[in-house]
Amino acid sequence: MSKKGKAAILTWCYNNGKTNYGQILQCYAMQEIVKKCGYEPIVIRYRKPTPDENVLFRNSSERLQYERDYRIRVIEGGESTRISRFMEFIRSNIKLSDQCYTTSEIADVTKNCELLVCGSDQIWNPLWFDEVYCLNFARLDQRKIAYAPSGVFDETRSESIDVYRRIGALIRDFDFVAVRESKSASILQRFSSKKIGVAIDPTMLLTADEWNNVAGKRICEEKYVFCYSLGRMRPHKLLMHYLMKKYHAEKILFITSGHYDEEDELETEGVFHTVDDAGPGEFISLIRGAEAVCTDSFHGIALSIIYEKQFYMIKRKDPDIELWGSAERQRNLLQKVGINDDRTIRSIKEIDEMADIKYDEVAAYRNEPSILLI
């Protein structure tokens, strides 16, 4: 495909909270999709500074050093192999702009871009909304596309409704808008005259072979079941033990969000082994090499589908789960690819009764036509 010009991507890329696998993988996928469409992409490195920060620097090198130190000291709370691997993955695989702190700086960095893309991830969630992620800096002659942004879930809170109104106004002159969830499209359509479509997450538009290009080496030579949880794992311990036996595995390798100290105790129970130093490449490798996957994560499910793994969903033990829209986007993903059975397990009986996924019958989701509109 011939080159069409430059494109800028506005999404989260290690700039919204602690290390997050899904955030980095969706960013990488969005970059690769824009490349496939014939553009030369750049991901805008952006963070809104706090009111007490002094971000006046002499050059871009000083900005980058400051951001690295800020992330390790303030956001991550110290250096680690895991953080280093995230940073190395980004450095090696994602083309980032100079650091930006304001809309005027973003406008300057993107002045030669023909296309501006916002998405994916929860960049439209009212909890963290910033109009930058609705391309409020764009010129009239630049094409604007929203591909699979997420975060429009709650139509009962007045503060959420205010944000949805702002989004509706900001996307009025976009060339194309498709959000990640059906519910998000339905809600947002009430606040916009623009037709709102539904698009699959960009991670799903890359093949297993394409993900292999950035995957790490196999971590464990023995057979294992891989578990990745953003919530507590201990309530699901017996289910994971049973899955290990079902798939004749020798170990349970797991990654948690790190929010629950009790998970450290799992390692004393023999077959549980935490992989606390995994970067994005290692995360891909862990799913690729697993006998089966157990997860409460959207992107854990997504990569399991890509690598055609038998996966099992566990209910996240988090009282605020629907503020994040987790269940909604998981349901949408399964429907989109043609996996219509509920994959959530609550008991050993449900594991025994659950049919294997027949991947030869899964929908050809990678040919989704909406992405071609770029």
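Presented here is an overview of the structure given in this document. (Residues numbered from 1 in each chain as written. Predicted model: local features only at pLDDT ≥ 70, side-chain atom pairs only at ≥ 80, totals over all residues. Heavy atoms only, no water.)

A short note on the packing of helix α9 (residues 280-288) against helix α10 (residues 298-306)
Two elements in contact, α9 and α10, have axes whose closest approach is 9 Å; the angle formed by their N-to-C orientations is 55°. Compared by their axis directions, α9 and α10 come out oblique. α10 is crossed by α9, and the crossing has right-handed handedness. Judged by residue contacts, Phe-283, Ile-284 and Ile-287 of α9 engage Gly-300, Leu-303 and Ser-304 from α10. In the contact of α9 with α10, the residues fall into 4 nonpolar, 2 polar and no charged. (Axes fitted to C-alpha atoms, helices over the stretch in contact; angles between N-to-C directions. Helix = DSSP H or I, 4+ residues; strand = E, 2+ residues; numbered from the N terminus. Parallel < 35°, antiparallel > 145°, perpendicular 65-115°, else oblique. Left-handed = near helix turned anticlockwise from the far one by under 90°. Contact = heavy atoms within 4.5 Å. Nonpolar A, V, L, I, M, F, W, Y, C, P; charged D, E, K, R; others polar.)

Topic: helix α3 (residues 81-93)
Given a rise of 1.5 Å per residue, 13 residues ought to cover 18 Å, and the 18 Å separating the end C-alpha atoms of α3 matches this to within 8%. Looking at α3, one finds that the buried residues are Arg-82, Ile-83, Phe-86, Phe-89 and Ile-90. Across the axial projection of α3, the buried residues extend over an arc of 125°, all falling on one side. Buried residues along α3 sit against α1 (21-36), α2 (60-76), β8 (251-256) and α9. (Expected span 1.5 Å × (residues − 1). Buried < 20%, exposed > 50% of the residue type's maximum accessible area, 1.4 Å probe, protein only. Arc of directions from axis to C-beta.)

So, the side chain of His-299
In this fold, His-299 is placed in helix α10. With relative accessibility at 10%, the residue His-299 sits in the buried group.

Considering the layout of surface pockets
Estimates place the volume of the second largest pocket at around 530 Å³. Along the walls of the second largest pocket sit 23 residues, with Tyr-14, Arg-45, Leu-64, Glu-67 and Leu-96 positioned nearest its centre. Contributions of two or more residues to the lining of the second largest pocket are made by α2 and α3. Looking at the lining of the second largest pocket element by element, the count peaks at 8 residues for α2. Split by residue class, the lining of the second largest pocket holds 11 nonpolar, 5 polar and 7 charged. (1 Å grid on protein atoms, 1.4 Å probe; cavity = no way out; pocket = protein on both sides within 12 Å on 5 of 7 lines; lining within 4 Å. Points joined across faces, edges and corners; volume = space filled by probe spheres on them.)

Considering the sheet that holds strand β5 (residues 176-179)
The sheet built from 6 strands is open, its strands ordered β2-β1-β3-β4-β5-β6 with parallel pairing. The sheet is open, and its two edges are formed by β2 (39-43) and β6 (197-198), each paired on a single side. The pairing of strand β4 (residues 143-147) with β5 spans 3 bridges and is parallel. Bridging from a neighbouring strand, Ile-145 pairs with Phe-176 of β5. Sheet strands in contact with α1 are β1 (5-10), β2, β3 (113-118) and β4, and its direction is about 160° off that of β2. (Pairing = 2+ DSSP bridges.)

Notes on the packing of aromatic side chains
Enumeration according to the criterion identifies 16 aromatic pairs in this entry. Here the aromatic rings of Tyr-164 and Phe-191 are separated by 6.2 Å at their centres, their planes lie at 55°, and the arrangement is tilted. With a gap of 27 residues between them, Tyr-164 in helix α5 (residues 158-170) and Phe-191 in the loop between α6 (182-189) and β6 connect regions that are remote in the sequence. Residue class for Tyr-164 comes out buried when judged on its relative accessible area of 0%. Seen from their ring centres, Tyr-228 and Phe-283 are 5.0 Å apart, and the 70° between their planes marks the pair as edge-to-face. Highlighted residues: Tyr-228 in strand β7 (residues 224-229) and Phe-283 in helix α9, separated in sequence by 55 residues. On the basis of relative accessibility, which here comes to 0%, the residue Phe-283 falls in the buried class. (Phe/Tyr/Trp six-rings, centres within 6.5 Å; stacked < 30°, edge-to-face > 60°.)

So, the nonpolar core
Core analysis: the biggest nonpolar cluster contains 67 residues, and Tyr-147, Trp-211, Phe-226, Ile-305 and Phe-311 have the highest contact counts within it. Considering every element that reaches this core, the biggest residue donor is α1, with 9 residues. Ranked by size, the runner-up nonpolar core spans 34 residues in total, among them Phe-129, Phe-137, Val-152 and Ala-185. (Core = buried A, V, L, I, M, F, W, Y, C linked by side-chain atoms within 4.5 Å.)

Notes on helix α11 (residues 326-337)
Taking 1.5 Å per residue as the helical rise, α11 with its 12 residues ought to reach 16 Å, and the 17 Å between its terminal C-alpha atoms agrees with that figure. Counting buried residues in α11 gives 9 out of 12 residues, a clear majority hidden from the surface. Residues Ser-326, Ala-327, Glu-328, Arg-329, Gln-330, Asn-332, Leu-333, Leu-334 and Val-337 constitute the buried set of α11. Each element contacted by the buried residues of α11 is listed here: α6, α10 and β11 (311-313). Among the residues trailing α11, Gly-338 stands out with phi positive, at a value near 90°.

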